[in-house]
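Below, each chain spelled out in residue letters.
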Amino acid sequence: MEFGLYTFADVPTGTTQIALTTHQRFRELMEEIRLADELGLDVFGVGEHHRVDYAVSSPATVLAAAAVITKKIKLTSAVTVLSSDDPVRVYQQFATVDQLSAGRAEIMVGRGSFIESYPLFGYDLEDYDALFEEKLNMLLALNKSDIIHWEGKFTQRIKQMGIYPRPFQKSIPIWQAVGGTPASAVRAGKLGLPLALAIIGGMPKQFVSFINLYRDIWHQHNHTAPFQLGINTHVYVAEDSRQAADEFYPSYATVMSRIGKERGWQPLTRDQFEAMRSPQGSLMVGSPQQVIDKILYEHELFGFTRFLAQMSMGDLVHEKNLKSIELFATRVVPEVRKALG
């Protein structure tokens, strides 16, 4: 069982010194990654966005910096928006991270929860699914051999050319990140890719059929690699339940209400927030024991092999985020591991 963190490196909006704020956010992000490594967590993921409210547009660049200040922790994107990127450049960048980290790089690919990158890099949203499918197949081909011959509709023609540098590992682990679309479960299952499901709302049990579909398809294709399943969700830990809720709610509500407004949703209320914190809700915000119980509950539902927690959201105070990371790594993770044997 692996445990880790992921972040979108939120930048507080409304500031008149966005460049300075972004610089500070990168410094804080390096502190988060270093602390996670020192505390023995297994994985740290960094998301890709192209918006004013998130600092990271190039996860590989950030992870390359993290590679030289950490020793053991795996470094992954969360996610790389592959549909609007060049698979060759993605592979080269993460192979570089893998060399710098002596074999700790991973790539988590997805289509992204926002669409800004598509027009930014000249892609048509009508090709949303086709772009991802072709580029994922190309990335997998690049991972298998340093010499590639490739002809595609949305990608370049490559005639028996070498792709370098190669990674430190024999190949880079590639995960597919999904939000719950059945077609995504089928694709990952057929390809034998580890799957990472983001549960950021609703009731976790509603995703059981989705995970069962993925597991069934995966086993039907007789893959030889070990079965791997990750759950990614929002987590915040404090000494007691009320403290956790009071500290996390303001920044969480601001972020979710802002995104919700873009999508036509109503602002998040405290009552809704508290409902999401219920024992069967999606939000893992509370005391160490509450978070332990919810992780174990979701493990009963899904049987996952990796759990990643997203903590740093909006303008959450950096020191409080570091304390939450510490409690997660020292009080939550050991007890979950003990309970699961």
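In every chain, residue numbers begin from 1 and rise along the written sequence. Reporting in this predicted model follows two pLDDT cut-offs: at least 70 for local features of residues, and 80 or more for side-chain atom pairs to be given and counted; totals over whole chains, interfaces and linings ignore these cut-offs and use all residues. Excluded from the side-chain calculation are hydrogens and water; included are all heavy atoms of the structure.

What to know about the overall build of the chain
In step 1: Scanning the chain for helices and strands turns up 11 helices and 12 strands.
In step 2: Just to be clear, the radius of gyration here is over C-alpha atoms, and the globule rule we use is 2.2 Å times residues to the power 0.38. Against the 2.2 N^0.38 benchmark of 20 Å for 341 residues, the chain shows a C-alpha radius of gyration of 19 Å, consistent with a compact globule.
In step 3: Counting only C-alpha atoms, the chain reaches 60 × 50 × 40 Å along its principal axes.
In step 4: Relative accessibility thresholds used throughout: buried, under 20% of the residue-type maximum; exposed, over 50%; partly exposed, between the two (1.4 Å probe, protein chains only). The buried share among the 341 residues of the chain stands at 52%. Under the DSSP-based scheme used, a helix requires at least four consecutive residues in state H or I and a strand at least two consecutive residues in state E, with every element numbered from the N terminus.

Quick word on the packing of aromatic side chains
In step 1: A pair of Phe, Tyr and Trp rings is counted when the ring centres sit within 6.5 Å of each other, with Trp represented by its six-membered ring. The angle between the planes then sorts it: under 30 degrees is stacked, over 60 is edge-to-face, the rest tilted. One pass over the full model with this rule turns up 12 aromatic pairs.
In step 2: Consider the rings of Y214 and F227, whose centres lie 5.5 Å apart with planes at 35°: the pair is tilted. A residue pair is termed long-range when its members are at least 10 positions apart, and Y214 in helix α7 (residues 208-220) and F227 in the loop between α7 and β10 (229-237) qualify at 13 residues.
In step 3: Look at F227 and you get buried, because its relative accessible area is 19%.

Description of the pairing of strand β8 (residues 174-178)
In step 1: Along β8, five of the five residues are buried, which leaves the element largely enclosed by surrounding structure.
In step 2: In β8, alternate side chains face the same way, and those of I174, Q176 and V178 on one face and W175 and A177 on the other are all buried.
In step 3: Only strands that DSSP links by at least two bridges are regarded as paired with each other. Pairing geometry for strand β5 (residues 105-110) and β8, over three bridges, is parallel. Across the sheet, M108 pairs through a bridge with W175, a residue of β8.
In step 4: Strand direction decides the pairing type here: β8 and strand β9 (residues 195-199), joined by three bridges, are parallel. Considered in β9, the bridge of V178 is made with L197.
In step 5: Note on the crossover from β8 through helix α6 (residues 182-191) to β9: the handedness is right-handed. When the strands point away from the viewer, a crossover counts as right-handed if the path from the first strand over the helix to the second runs clockwise.

Structural notes on unusual backbone geometry
In step 1: Backbone torsion omega between A78 and V79 reads 15°, so that peptide bond is classified as cis.
In step 2: Assignment of secondary structure puts V79 in the loop between β3 (74-77) and β4 (80-81).
In step 3: Looking along the chain, the bond that leaves Y164 and enters P165 is cis, with omega of 5°.
In step 4: In this structure, P165 sits in the loop between β7 (158-162) and β8.
In step 5: One non-glycine residue, Q160, lies in positive phi territory at about 50°.
In step 6: The phi angle at N222 is positive, at roughly 55°, despite the residue not being glycine.
In step 7: Mapping N222 onto the fold places it in the loop between α7 and β10.

Topic: the packing of helix α3 (residues 87-100) against helix α5 (residues 128-144)
In step 1: As a packed pair, α3 and α5 sit with axes 9 Å apart at the nearest point and diverge in direction by 45°. When the axis of α3 is compared with that of α5, the two are oblique. In terms of crossing hand, the pair formed by α3 and α5 is right-handed. Contacts from P87, V88, V90 and Y91 in α3 reach K135, M138, L139, L142 and N143 in α5.
In step 2: All residues other than Ala, Val, Leu, Ile, Met, Phe, Trp, Tyr, Cys, Pro, Asp, Glu, Lys and Arg, Gly among them, are scored as polar; the first ten of these are nonpolar and the last four charged. Looking at the contact of α3 with α5, its residues break down into seven nonpolar, one polar and one charged. To get an axis, fit a line to the C-alpha atoms, keeping to the stretch in contact for a helix; angles then go from 0 to 180 degrees between the N-to-C directions. Throughout, the term roughly parallel applies to angles under 35 degrees, roughly antiparallel to angles over 145, roughly perpendicular to angles from 65 to 115, and oblique to all others. The sense of a crossing depends on the near helix, which, turned anticlockwise from the far helix by less than a right angle, makes the crossing left-handed and, turned clockwise, makes it right-handed. The contact rule is simple, with two residues in contact once any of their heavy atoms fall within 4.5 Å.

A word on the nonpolar core
In step 1: Formed by 77 residues in total, the largest nonpolar core has its most connected members in I295, F307 and F328.
In step 2: For I295, the contacting residues outside a window of four places in its chain are F3, M284, F304, F307, F328, V332 and V336.
In step 3: In terms of nonpolar packing, the next biggest core, distinct from the first, is built from 33 residues, V43, W175, A177 and L268 among them. We define the nonpolar core as a collection of buried residues of types Ala, Val, Leu, Ile, Met, Phe, Trp, Tyr and Cys that are connected through side-chain atoms lying within 4.5 Å of one another.

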